[in-house]
Amino acid sequence: MSTDPGNHQSVFRATWSTALAAWCAISVSLTVTFALSDGIVLGTVRPVYLSVLGMVCATLWLACAPIIAAVSRSALLTSCHRIAAFGIHLLAALLFALACTGGFAVLMWLADRGLRQTPLPFATTFQSSTFYFLLANTVFYGFVVASQRFVDQRSEVQVLRTREAKMQSQLVTARMEVMRIQMQPHFLFNSLNSVSSLVRLEESNKAIQALQKLGAVLRTTLAQHDQPFATLESELDVLHEYMELEQIRFGERLRYELAIAPDTRPLWIPRWTLQPLVENAIIHGIERKLDAGQIAIRAERCGEQLSIEIFDDGVGLSERRPNGLGLGNTQQRLQDLYGDKASLELRSNGGGTTASLRLPIRETVHDE
Amino acid sequence: MTNDIHCLIVDDEPLARQSVEHLLSRAAGFAVTLSTGDSRQALTVAQSGVADLIFLDIRMPELDGITFLKQLNEHTLAKDGRPYVVLVTAFDQFALQAFDYEALDYLVKPFSNERFHETLQRARRRLQNRDCPDGRLVRRIDPNTPVIEFKTRGGPMSLQPAEITWIESSGHYVTVYGPQRSHLSRARISEIEQQLQSSGFVRVHRGALVNLAHITRCEACAVHGHQLVLRDGSIVPVSRRRWSQVRDAVARQATNKHRNV
């Protein structure tokens, strides 16, 4: 998923400033804790030594934070039952606390040994700080896990929102694309011209039929649909009106044939995917050929997939103009709706071109 | 008729061709020589010089309209020898190119009957006025061929006087009885009479104007005294007041015919 660079940078900056703030806060609180334990054990406080020690320990802690977050995100913890996860977290917290407490004690002892002529024995140093450190380390562990949960949840919501917005915008783009094709001189003007010719030739019934078809096609295109899916049946209905309009225009030159397996009709497919493909077939299969051309649409179940093929016997792939906008958009939409489970490809079929669409079978409008 | 303007219709859509054919059938002096969706065939015909006027679509398979125009211009270098080309298209972006190739007109589909009629008038004017030195393939349309125009419910139309059998008046409207069918037109018979005076028409009563060439015989009639039987079988009474005038005109017409034969 692409994020825009500006956004990325600000997130980065926020992370670093948060880390710095956390580091400062932890340093200060550790220094205070050390000072307290120092005061209890020794009766004196050594500010420079303790603050340096606090900073070193804070660094150690913060270095551990990503490890804790990674453990918390691990598949073992996210997939298992809540109670089990809690137990694992408790165990991990204890281990972490012990390890850190030990580490801190070693650091303190080493520093102590370096600074004092008569260093305290390790056992004393360890004992003196054990209780506080165990507690502090456990609390820190809990804090890291909690903040990891919080941050992850928020970004997950954001990701979902972004995806939804993207799909919405792609639906709009697809609709615009279909509208562009239909509103283009190509479709709308040719239809108007057909109607005006029919009126001129006093074929008023045919003219009214053509207007009705044009109305039906425009109505479905201009209608607001929030649902990105429609049944194959309803998509074919609109397509039928569209094809008949084109047949009025081309007369004998356009032949079209449907071979739709009945069990595919109620399946849900992304709205407005067929029309750009058929439009392409007409442009390349009928318009650019002098003789009669044929367009065939075939749909059938193919194992776990719905296979739709749009076949034309026109000029073929090599002579096609680079006019991939509609197809590109369709391909992008399929990718976003289905990932790699759907495909759209064009291939030569001898003379003409076949557009082959494969979609995962979707029996209901909602995700299964 | 040899003085007709010979037209080619080149469009890959049958309905569009029929539309132009229909409009041309309503215009006097235009004859469709070829109507085809095959632009290569049309180019061969156009280059052979039999066409005066070409209605050309732009977006067509194999040979598009602009290329057609280019090749036609290259082939018939003498400017005066070219047929006139009217581009008929659903797209307006080729108008400048059409201008470059000296197209006579540029019709954007769908066009109105009136607009098409203007195109025909322009074509007729050009064809009548063009220079036409001897030895060239090109013909000039006789400028003295009169054409009479009517406004009908189906748009403007035109007829040559010779094609009209008679005209019947009913208030603000006239019915023009043409070669195949009659046309109702909003006009006054007196205005038409003025236009047709020199073309061999005679007013036989207040509401009828008859083409002398279409009269087959005169009969006696109990009500009006006399009536005319026309070539298409219709019977038109002659008013008593105008009988002598009509009789003279018919006699003159007969003499002229004899003289011509």
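Up top is the structure.
## As for the sheet that holds strand β6 (residues 343-349) of chain A
Residues and elements named next belong to chain A.
- Spatially, five strands are ordered β2-β4-β5-β7-β6 in an open sheet, and the strand pairing comes out mixed. Either end of the sheet is taken by a strand with one partner, and the two such strands are β2 (254-260) and β6. In this sheet, adjacent strand axes meet at a mean angle of 15 degrees when their direction is disregarded.
- On the sheet, helix α8 (residues 232-250) packs against β2, β4 (293-302) and β5 (305-312) and is oriented at approximately 165 degrees with respect to β2.

## Topic: the side chain of Glu246 of chain A
Residues and elements named next belong to chain A.
- Mapping Glu246 onto the fold places it in helix α8.
- Using a relative accessible area of 1% as the deciding quantity, one classes Glu246 as buried.
- Once residues lying within four places of it in the same chain are set aside, the contact partners of Glu246 are Phe187, Leu254 and Ile282.

## With respect to unusual backbone geometry
- With an omega of -10 degrees, the peptide bond between Lys109 of chain B and Pro110 of chain B qualifies as cis.
- Structurally, Pro110 of chain B is set in the loop between β5 (105-108) and α5 (113-129).
- Of note, the phi angle at Trp272 of chain A is positive, near 60 degrees, even though the residue is not glycine.
- Structurally, Trp272 of chain A can be placed in the loop between β3 (268-270) and α9 (274-287).
- Its relative accessible area of 6% is what places Trp272 of chain A among the buried residues.

## Observations concerning the pairing of strand β6 (residues 148-152) of chain B
Residues and elements named next belong to chain B.
- Burial along β6 is one-sided: Ile148, Phe150 and Thr152 are buried, while Glu149 and Lys151, pointing the other way, are not.
- Note that β6 and strand β7 (residues 155-159) share five bridges and pair antiparallel. Bridge pairing in β7 places Glu149 opposite Ser158.
- Turn length for the β6-β7 hairpin, with the two strands adjacent in sequence and antiparallel, is two residues.

## Quick notes on the interface of chain A and chain B
- Between chain A and chain B, the contact holds 21 residues from the first and 21 residues from the second.
- Between chain A and chain B, a total of about 1,900 Å² is buried, with carbon and sulfur atoms accounting for 56% of that surface.
- Joining chain A to chain B, the criterion identifies three salt bridges.
- Remark: the boundary between chain A and chain B carries six residue pairs in polar contact (both at pLDDT 80 or more).
- Element by element, the count of residues in the side of chain A that touches chain B is highest for helix α6 (residues 185-200) of chain A, at eleven residues.

## Things to note about helix α2 (residues 39-47) of chain B
All names here are of chain B.
- Every buried residue of α2 is accounted for by Ser39, Ala42, Leu43 and Ala46. For α2, the angular spread of buried residues about the axis comes to 105 degrees, placing them on one side.
- Where α2 ends, the next residue or the one after it, Gly49, has phi of about 90 degrees, a positive value.

## As for α5 of chain B
Residue and element names in this part refer to chain B.
- In this model α5 runs 24 Å from its N-terminal to its C-terminal C-alpha over 17 residues, within 8% of the 24 Å that 1.5 Å per residue would give.
- Listed in full, the buried residues belonging to α5 are Asn113, Phe116, His117, Thr119, Leu120, Ala123, Arg124, Leu127 and Gln128. Axial view of α5: buried residues confined to an arc of 160 degrees, hence all on one face.

## Some details on the environment of Ile308 of chain A
All names here are of chain A.
- One can find Ile308 in strand β5.
- C-alpha of Ile308 to C-alpha of Arg358: the two residues are 50 residues apart in sequence and 6.4 Å apart in space.
- When neighbours within four sequence positions are excluded, Ile308 is seen to be in contact with Leu232, Ile269, Leu274, Ile297, Arg298, Ala299, Ala355, Ser356 and Leu357.

## Comments concerning the nonpolar core
Residue and element names in this part refer to chain A.
- By size, the foremost hydrophobic cluster in this structure holds 45 residues, and its most contacted members are Leu274 and Ile308.
- With seven residues, α8 is the single largest residue contributor to this core.
- Setting aside anything within four residues of it in sequence, one finds Leu274 in contact with Leu232, Glu235, Leu236, Leu239, Ile269, Ile308, Ile310 and Leu357.
- Counting residues in each nonpolar core, the second largest holds 22 residues, with Leu30, Cys64, Tyr141 and Val144 among its members.

## Re the packing of α8 of chain A against α9 of chain A
All names here are of chain A.
- Relative orientation of the contacting elements α8 and α9 amounts to 25 degrees, with a least axis distance of 10 Å. One finds that α8 runs roughly parallel with respect to α9. In this structure, the crossing between α8 and α9 has a hand that is right-handed. Touching Leu232, Glu235, Leu236, Val238, Leu239, Tyr242, Met243, Glu246, Arg249 and Phe250 of α8 are Leu274, Gln275, Val278, Glu279, Ile282, Ile286 and Glu287, all from α9.
- For the contact of α8 with α9, a count of residues per class yields eleven nonpolar, one polar and five charged.

The rules behind the values
Residues numbered from 1 in each chain as written. Chains lettered and ligands numbered in written order. Predicted model: local features only at pLDDT ≥ 70, side-chain atom pairs only at ≥ 80, totals over all residues. Heavy atoms only, no water. Pairing = 2+ DSSP bridges. Helix = DSSP H or I, 4+ residues; strand = E, 2+ residues; numbered from the N terminus. Axes fitted to C-alpha atoms, helices over the stretch in contact; angles between N-to-C directions. Contact = heavy atoms within 4.5 Å. Buried < 20%, exposed > 50% of the residue type's maximum accessible area, 1.4 Å probe, protein only. Buried area = accessible area lost by both parts, 1.4 Å probe. Salt bridge = Lys/Arg side-chain N within 4 Å of Asp/Glu carboxyl O. Polar contact = N/O pair within 3.5 Å; in protein donor to acceptor, adjacent residues only side chain to side chain. Arc of directions from axis to C-beta. Expected span 1.5 Å × (residues − 1). Core = buried A, V, L, I, M, F, W, Y, C linked by side-chain atoms within 4.5 Å. Parallel < 35°, antiparallel > 145°, perpendicular 65-115°, else oblique. Left-handed = near helix turned anticlockwise from the far one by under 90°. Nonpolar A, V, L, I, M, F, W, Y, C, P; charged D, E, K, R; others polar.

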